[in-house]
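Commentary on secondary and tertiary structure
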Amino acid sequence: MYRDNYIKALRSELLEMVAEHLTPVSTRYGYSDVPLETTIKWRPQVLLIGNYSSGKSTLINDFLGAKIQKTGQAPTDDSFTVITYDDGPAADEPVRITDERDGKFLLNDPEYPFETLKKHGQRFSSHFKLKKVNSPFLKNLAIIDTPGMLDSITERDRGYNYQEVIGDLAQIADLVLVLFDPHKAGTVREAHTSLRDTLPARTFEDRVLFVLNRIDECTSMIDLLRVYGTLCWNLSQITGRKDIPMIHLTYSPQDASMSLDEGDISYLRHLQNQREELKNAVLQAPCYRLDNLASFVETHGERLAHFLEALISYRKRARKFRLKSFGIGLGASLVAGAVIFVLALLAPPLAGADIMLTSACGAAGALLVLGLWGISLRRLLFKRFHKKILKNMDHLTALKNQTRRDSWEYVRSLVFSHLKNTRGKYSLRDVRYEYSAVWKVYEKGSKDIREALRELADLSPDEEETFFKVRLGLTDEEFKSGQAPSAYDLPS
Ligand SMILES: Nc1nc2c(ncn2[C@@H]2O[C@H](COP(=O)(O)OP(=O)(O)O)[C@@H](O)[C@H]2O)c(=O)[nH]1
Ligand SMILES: [Mg+2]
């Protein structure tokens, strides 16, 4: 329990940092439409995707310990369902749905992290819902069930872009389970594409679990090996990697007993059903969450810092250009002054006049040229400079490695529109200040969290008491009475 509370405390700390330092910058420059913390402030989430009838809903029902989701061989459920915890009912009450909310509510209530999904429109909204369930399994996480992928249904038939919705949900989720079944082990491309396009590459592997479900339906061990082989082959073709990700082999014990009558599944005795293992991995989602939060801060901190860095770089170049242009203007006006002075000295009507008058003429000429320079030419040249920069935006930044290129790709157009809209007139002091704040969060925030995660992973059970007592600031009595700081309770 103290481990959970400690994780929650670290989480609130990180969220606070994002809200205080990253969100103001992100909102000010239009980097994000909603406060950055919107998608990460809610409870840890586990997303289930896969073909229809690969057993997603059955697996969820197994985890929850009650028939909460509809199941069936045909595509039974075409909704995205967020299933979350309700701690209202007493502990001994049977597990059931205690409350249901529709998509409109879910997409508009700022307590939930789904505001960014509003863009998918009405049809999506009517296929999106929330169920509250009093299952202890949901104490620290929420599960999202999805309609299956269907080759026969096009995006137009659905009325919303299924792949994009899956991508957006995967971004919010801390753990994604991708389910296959023996009948459709070949159709992995769709699942993989939506995930690869949206999940940050560095978190992809830790965040996605592959599951080959319904293995009881293979007719023999050889059949199972063939299916497994096909799935591995397809996965490696798509990921472009030779190493095969871990694939959990599972089946639902109740359903398996039914297929027992139909064939010989004695081979299942030699295989451990990895259902329980999968359940434990899912229960670890709050730990993944912290890791994902650190990645979230790193990714957005990096991009925002890159954005501000480009604005600073622009101003530095502009200052250099102005200095150079002033130097040229000054030089030109001095030359003009000198020419006028010499002409006045030698040519009529001033030839032979008082030297003071001649010098004054020279000086006036120089000033006139400088003035003209200042009013017209300097502006014209600066406009040209500004245009040139907008044309060659990449000159504003050093792109020394792939990470830099990735983050630049993301913020380039934002830098462009900011420079275009402000015509380069913004306060350098403000930008510098924002840059240092963002950088601090990026550097310190993510490092601290990763450090804490390492500490937690290395912590042995007998060190836990002292560690948590100190870190959570608990007295001996509080610790012994099992009293947890309640400030970190998760909204459900
Ligand atoms: N034999 C067998 N049947 C299963 C298993 N898991 C689910 N089913 C059945 O497969 C059908 C589709 O399951 P469902 O959970 O609705 O799939 P979903 O479309 O992915 O949500 C249902 O009739 C389930 O009873 C399993 O492990 N073994
Ligand atoms: Mg289902």
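Preceding this paragraph is the structure being described.
Everything in this summary refers to the structure shown in the same document. Position numbers for residues count from 1 along each chain, tracking the sequence in the order it is written. Chains carry letters and ligands carry numbers; both start at the beginning, A for chains and 1 for ligands, and go up in the order they are written. Residues qualify for local features only when their pLDDT is at least 70, as the model is predicted, and side-chain atom pairs are given and counted only at 80 or more; totals for whole chains, interfaces and linings, by contrast, use all residues. Heavy atoms throughout the structure, all of them, feed into the side-chain values; hydrogens and water do not.

**Some details on the environment of Lys41**
Defined as follows: Secondary structure elements follow DSSP: runs of H or I no shorter than four residues count as helices, runs of E no shorter than two count as strands, and numbering proceeds from the N terminus. It only takes one pair of heavy atoms within 4.5 Å for two residues to be counted as in contact. Nitrogen and oxygen atoms within 3.5 Å of one another constitute a polar contact, given that in protein one can donate a hydrogen and the other can accept it, and given that sequence-neighbouring residues count only through two side-chain atoms.
Note that Lys41 resides in the loop between helix 1 (2–28) and strand 1 (45–50). Residues contacting Lys41, with those up to four places away along its chain left out, are Arg11, Leu15, Pro110 and Glu111. Separated by 2.6 Å, the side chain of Lys41 and the backbone oxygen of Pro110 make a polar contact.

**Some words on the site of ligand 1**
The criterion, for reference: We call a residue near a molecule or strand when any one of its heavy atoms sits within 4 Å of it. Each accessible area is a Shrake-Rupley result for a 1.4 Å probe, and residues are judged covered by the shown protein chains and nothing else. Gly falls in the polar group here, along with every residue not listed as nonpolar (Ala, Val, Leu, Ile, Met, Phe, Trp, Tyr, Cys, Pro) or charged (Asp, Glu, Lys, Arg).
The full set close to ligand 1 counts 17 residues, and Ser53, Ser57, Thr58, Asp216 and Ser252 are the nearest of them. One of the backbone nitrogen or oxygen atoms of Ser252 is found 2.6 Å away from an oxygen atom of ligand 1. Considered on its own, ligand 1 offers 580 Å² of accessible surface; in the complex 91% of this is hidden by protein. Its residues assigned to classes, the shell around ligand 1 comprises two nonpolar, ten polar and five charged.

**Overview of the environment of Phe326**
The condition that has to hold: A 1.4 Å probe rolled over the protein chains alone gives each residue an accessible area, and that area as a share of the maximum for its type sets the label: buried under 20%, exposed over 50%, partly exposed in between.
Tracing the chain through its elements places Phe326 in helix 12 (residues 285–346). A relative accessible area of 46% means that Phe326 is categorised as partly exposed. Each C-alpha atom, one on Phe326 and one on Leu370, is 9.1 Å from the other, the two residues being 44 residues apart in sequence.

**Points about the nonpolar core**
Operational definition: In these notes, a set of buried Ala, Val, Leu, Ile, Met, Phe, Trp, Tyr and Cys residues joined through side-chain atoms within 4.5 Å is what counts as a nonpolar core.
Formed by 53 residues in total, the largest nonpolar core has its most connected members in Tyr6, Phe307, Leu311, Tyr314, Val415, Leu419 and Phe468. Breaking this core down by element, the ones donating at least two residues are helix 1, helix 12, helix 13 (355–391), helix 14 (402–422), helix 15 (428–458) and helix 16 (461–472). A total of 14 residues in this core trace back to one element, the largest contributor, which is helix 12. Ranked by size, the runner-up nonpolar core spans 43 residues in total, among them Ile166, Leu231, Cys232 and Leu268.

**Things to note about helix 1**
Under the convention used in this document: One less than the number of residues in a helix, times 1.5 Å, gives the span that helix is expected to have.
For helix 1, which comprises 27 residues, the first-to-last C-alpha distance of 38 Å matches the rise-based estimate of 39 Å (1.5 Å per residue) to within 8%. One or two positions beyond helix 1, positive phi appears at Gly30, with a value near 70°.

**Notes on the packing of helix 12 against helix 15**
Test applied: Geometry is summarised by axes, namely lines fitted to C-alpha atoms with helices restricted to the contacting stretch, and by angles between N-to-C directions that run from 0 to 180 degrees. Our angle categories are set so that under 35 degrees counts as roughly parallel, over 145 as roughly antiparallel, 65 to 115 as roughly perpendicular, and the remainder as oblique. If you view the pair so one helix is near and one far, a crossing is left-handed when the near helix is turned anticlockwise from the far one by less than a right angle, and right-handed when it is turned clockwise.
Orientation of helix 12 relative to helix 15, taken along the N-to-C sense of each, is 155°, at an axis distance of 8 Å. Relative to helix 15, the element helix 12 lies roughly antiparallel. Along this stretch, helix 12 crosses helix 15, giving a crossing that reads as left-handed. In terms of residue class, the contact of helix 12 with helix 15 is built from 18 nonpolar, three polar and nine charged.

**Some details on the pairing of strand 6 (residues 175–180)**
Counted only if it meets this: Each pair of strands is called paired provided DSSP finds at least two bridges between the two strands.
Across the six residues that make up strand 6, a large majority, six, are buried. The side-chain alternation of strand 6 yields two buried faces, one formed by Leu175, Leu177 and Leu179 and the other by Val176, Val178 and Phe180. Sheet topology note: the strand 1/strand 6 ladder contains five bridges and is parallel. Within the sheet, the bridge partner assigned to Leu48 lies in strand 6 and is Leu177.

**Focus on a positive patch on the surface**
Inclusion rule: A patch consists of residues exposed above 30% relative accessible area that lack any salt bridge, with like charges linked at up to 9 Å and nonpolar side chains (Val, Leu, Ile, Met, Phe, Trp, Tyr) linked at up to 5 Å. What makes a salt bridge here is a side-chain nitrogen of Lys or Arg within 4 Å of a carboxyl oxygen of Asp or Glu, nothing more. His is not counted, nor are the chain ends, whereas Lys and Arg count as positive and Asp and Glu as negative. For this purpose, a charge sits on NZ of Lys, CZ of Arg, CG of Asp or CD of Glu.
On the surface, Arg322, Arg378, Arg379, Lys383, Lys387, Lys391, Arg423 and Lys425 cluster together into a patch of positive charge. Considering each element in turn, the positive patch owes the most residues, five residues, to helix 13. Following the sequence through the fold, Lys387 ends up in helix 13.

**Quick notes on the pattern of salt bridges**
Taken as a whole and judged by the stated rule, the model has 14 salt bridges. A salt bridge links Arg404 to Glu309; its shortest N-O distance comes to 2.8 Å. With a gap of 95 residues between them, Arg404 in helix 14 and Glu309 in helix 12 connect regions that are remote in the sequence. What makes Glu309 partly exposed here is its relative accessible area of 26%. Among the charged side chains, a network of salt bridges with common partners joins Asp291, Glu298 and Arg450.

**Examining the packing of aromatic side chains**
We apply this condition: Centres within 6.5 Å are what make two rings of Phe, Tyr or Trp a pair, Trp counting through its six-membered ring; a difference in plane orientation under 30 degrees is then read as stacked, over 60 as edge-to-face, and the rest as tilted. We call a charge positioned over a ring when the NZ of a Lys or the CZ of an Arg lies within 6 Å of the ring centre and within 35 degrees of the ring normal.
Counted by the stated rule, this structure contains 20 aromatic pairs. Taking 6.2 Å as the distance between ring centres and 55° as the angle between the ring planes, the aromatic pair formed by Phe321 and Phe382 counts as tilted. Linking Phe321 in helix 12 with Phe382 in helix 13, this pair joins segments that are 61 residues apart in sequence. Classification of Phe382 as buried rests on a relative accessible area of 14%. Sitting over the face of the ring of Phe105, Arg101 holds its NZ or CZ atom 4.5 Å from the ring centroid. The ring of Tyr410 is capped by Arg303, whose NZ or CZ atom sits 3.6 Å from the centre of that ring.

All we've got here are geometric facts, nothing functional implied.
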